[in-house]
Amino acid sequence: MSDTQRYQLTQDHRELVESWGMNRRTVSYVFRPTTAEQIADVFTLAKSTGRTIALRGAGCSYGDASLNAEQIVLDLSRMNRILEWDPDSGVITVEPGATIRNLWLYIIEDGWWPPVVSGTSFVTLGGALGMNIHGKNNFKAGPIGDHVLAFDILLPTGKVKHCSRDENGELFHAAIGGFGMLGIFTRITLQMKRVYSGLLRVNAFSTTGFAEINAALEEHRAQSDYMVGWIDAFSTGKSFANALVHTANYLAPGEDLNPAQTLRVVNQEISPTIMGIVPRSLLGKLLQPFNTNPGMRLINLAKSIQASVTESGHTILQPHAQFAFLLDYVPDWKFAYKPGGLIQFQSFVPFDQSERVFTRQIELSQKLGIIPFLGVYKRHKPDDFLMTHAVDGHSFALDYPYTDQNKAGLSFLVQQMARLVVDAGGRFYYAKDSLLPADLARAGMGEERIARFAAIKSECDPERILRSDLSRRIYDGFAG
Amino acid sequence: MRGIIKSMKLDQKKVIVVGASSGIGASIARALGAKNCSIGLVARREELMHGIADEINTRAGRTIAQTYVGDVTHFDEAEPLLDRIAGDMGGVDVLIYVSGIMPAVQFHEYSFDKDRAMIEVNLLGAMAWINAAAKRFETARAGAIVGISSIAGDRGRGSMPGYITSKAALDAYLESIRNRISRYGVQVTTIKPGYVATDLLGGAKTPLKAISPDEAAAAIVSAIEEGAQVRYVPGFWRWIGMAVKLAPSFVMQRVKF
């Protein structure tokens, strides 16, 4: 686009913009700038037409965090350059549209790995900071924000602010986790983690019930680098909350005799077929017939039998990418949830309340007959970001199919489960949320933090141009 | 008749009703209010429309219905107004075009003015609004378009050539749009009411009992939720429509209905 051209709200910019969970589809004016000047142009356009702007990266939020129905969506995925990389210090500077995949592919052969990654590598770093993502090592490594050294943020007022813990510290701690409401990260500098092998030592075992998994995670906490539990929400009675737990560790220097080889990208990635025959890209379609409760119960059962017979107690060596991004190697698995889509309900509950709250969440789901197909359990520690979702405790992430038939019941269920979380002093996570009503979402955050965030917002974005369907849902009500 | 589109629930959907100030349109708006829809009401007659919106909002206990003054014969205004309402509601899921006129035409009367007025309101207004909605729904890969046609469109009867032409053309237009965009997951429903006791009928004596606008609205809401392509309201008119279509011309030339 030439210097003289300006963005316009024309029909050719109108696009379908869908939440990652496919539970909400909207039409918006989408712009994909590649320079700061073009971003400024979009802000000029928004101001002159009275529209709001939502920021979007890879669109991996389950719900409405990067949607802005009938308004402007600023898609930053084309600003994806790696600007600086120092393989001696492990410090990297990227543009906001660079993905975690771009990042790890670039650094691993130098012996580095991103210190915090999400379950998919397709997220952008801008989005990762906006949501302050965490991984299976949150109990030890904290959220990604803990590894950000500095960033430049372009505010809707046109100002660019350089932020670090020492410089503009308040904005630093509000913009990370600020769900795109304060400005656009244009340069992000992160500290990577040194690794001495391309492999992790992964250990698997089974547990039953939340008391048992909580005890197991405490036992393994000090000596593990990663911990995650896969909980079967279909199990009842004696096997209630059957779980397969994975713990993993980095290898110490010298343990891997040929790190140069295991760190090669080609040895990180998984083969495109299962057992050399079934293309992984078909798995989503193959699973679609099982997208019913009895079908999924069988799959979960098979998984837990497999866990107790072949995997439990075993230790394997697994490449970082395969351990971290397993679902990326099942392309389009979410299409198994078509046509309605899915939602995730993830809540974060303090340590001494988690057994009670999460037990009750599964009981409620089973009672209503709306049972999550996947339940992921993690240990967390608090952090010092303003709009944080972490607590000193556990999180439980539940994937539910979302259909025309179940959505009224699902909304009811989500409210019941969220009420338990709020009463226990727990929190919610905007990257996952689709259905929380404003009062419960706000109660999870606490009015004091909301007021502090609103004060920073009014300085950075006095005209309130940065909005999203999520911000309207939680902070303005639907009419806003 | 049902198509390839799956059924949907209208509850809490965002719906625009064009021609919402009286008759079937007003009743549809009220029925949608009972389903907690967000409703954009469009009509010329502001005061009547306000009354209906107030009634819906009072019953809901919050503002779910908003009014927009618009004349369907100002064809250029359809798309901008649709965009404006969509902006206010945060999207549109369903467009229902109800606007229709049927001025009294005597059996020996040939009035081009009346014919043109019917074509403009019943057909061209519908095309302006539905084209705009179709473009938007095609992009969204979702949505429903509902056109209120009439049993009158089934046969060229002698009694009211202009009205019949407008509705027959509307039937053909809706069918074409359906065949064009159902592949994108967009539902297009043609509603063909028989006698409904509205101002359009003007209290005229009907050979068959006229149903109330509320009864018609309930049947229309069901038709939309069931994903119907063409729905006679009430259902038995389907058989009358079939009989009228099959009747030989020498019969049609001898009757005066």
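Since the structure is predicted, the reported quantities are computational estimates derived from the model, not experimental observations.

Let's shift gears to the overall build of chain B. When helices and strands are counted, chain B shows eight helices and seven strands. Dimensions of chain B, computed from C-alpha atoms along their principal axes, come out at roughly 55 × 40 × 35 Å. Taking all 257 residues of chain B together, 50% fall into the buried category. Taking contacts inside chain B between residues at least 6 apart in sequence as the whole, the part at least 24 apart equals 71%. Between the mean site of the 31 positive side-chain charges and the mean site of the 25 negative ones, chain B shows a separation of 8 Å.

Another aspect to go through is a nonpolar patch on the surface. Residues and elements named next belong to chain B. A cluster of nonpolar side chains, Leu208, Phe236, Trp239, Met242 and Leu246, forms an exposed patch at the surface whose accessible area comes to about 530 Å². As for its position among the elements, Phe236 is in the loop between strand S7 (230-233) and helix H7 (237-246). A relative accessible area of 39% places Phe236 in the partly exposed class.

Across the boundary between the two partners, chain A contributes 13 residues, which contact 17 residues of chain B. Interface area for chain A against chain B, summed over the two sides, is near 1,100 Å², with a carbon-plus-sulfur share of 43%. There are one salt bridge connecting chain A and chain B. With its nearest N and O atoms 2.6 Å apart, the salt bridge here joins Glu70 of chain A to Arg136 of chain B. The interface formed by chain A and chain B includes four residue pairs in polar contact (both at pLDDT 80 or more). Of all the secondary-structure elements, those providing two or more residues to the side of chain A that touches chain B are strand S1 (14-18) and strand S2 (25-31) of chain A. The residue inventory of the side of chain A that touches chain B, partitioned by class, reads four nonpolar, two polar and seven charged.

Among all residues except glycine, the phi angle is most often negative; among peptide bonds, the trans geometry is most common. In this structure, the amide linkage connecting Lys338 of chain A to the following residue, Pro339 of chain A, adopts the cis form with an omega of 5°. Among the structural elements, Pro339 of chain A can be located in the loop between helix H10 (320-324) and strand S18 (342-350). A cis amide bond, omega -10°, links Val233 of chain B with the succeeding residue Pro234 of chain B. As for its position among the elements, Pro234 of chain B is in the loop between S7 and H7. For Asn168 of chain A, which is not a glycine, the phi torsion comes out positive at approximately 50°. Turning to its location among the elements, Asn168 of chain A is positioned in the loop between strand S9 (160-164) and helix H5 (169-175). Classification of Asn168 of chain A as partly exposed rests on a relative accessible area of 33%. For Ala241 of chain A, which is not glycine, the phi torsion reads 60° and is therefore positive. Assignment of secondary structure puts Ala241 of chain A in the loop between strand S13 (226-232) and strand S14 (242-250).

In many analyses, interface size is given as the accessible surface area lost on bringing the parts together. Residues and elements named next belong to chain A. Domain assignment breaks chain A into domain 1 (11-77 + 459-476), domain 2 (82-194) and domain 3 (199-439). The partner domain 3 presents 21 residues to the 13 residues of domain 1 that form the contact. For the pair domain 1 and domain 3, the summed buried area comes to about 1,400 Å², and 56% of that belongs to carbon and sulfur atoms. In this structure, Asp433 and Arg473 form a salt bridge, with 2.9 Å as the shortest nitrogen-oxygen distance. Residue composition of the side of domain 1 that touches domain 3, by class: seven nonpolar, four polar and two charged.

This next bit is on a negative patch on the surface. On the surface, a cluster of negative charge is made up of Asp86, Asp88, Glu109 and Asp110 of chain A. One can find Asp88 of chain A in the loop between strand S5 (82-86) and strand S6 (91-94).

Cut-offs used in this document
Residues numbered from 1 in each chain as written. Chains lettered and ligands numbered in written order. Predicted model: local features only at pLDDT ≥ 70, side-chain atom pairs only at ≥ 80, totals over all residues. Heavy atoms only, no water. Helix = DSSP H or I, 4+ residues; strand = E, 2+ residues; numbered from the N terminus. Buried < 20%, exposed > 50% of the residue type's maximum accessible area, 1.4 Å probe, protein only. Contact = heavy atoms within 4.5 Å. Lys, Arg positive; Asp, Glu negative; His and termini not counted. Charge placed at Lys NZ, Arg CZ, Asp CG, Glu CD. Patch = residues over 30% accessible without salt bridge, like charges linked within 9 Å, V, L, I, M, F, W, Y side chains within 5 Å. Areas by Shrake-Rupley, 256 points an atom, 1.4 Å probe, with all protein chains shown as cover. Salt bridge = Lys/Arg side-chain N within 4 Å of Asp/Glu carboxyl O. Buried area = accessible area lost by both parts, 1.4 Å probe. Polar contact = N/O pair within 3.5 Å; in protein donor to acceptor, adjacent residues only side chain to side chain. Nonpolar A, V, L, I, M, F, W, Y, C, P; charged D, E, K, R; others polar. Domains from an automatic or database assignment.

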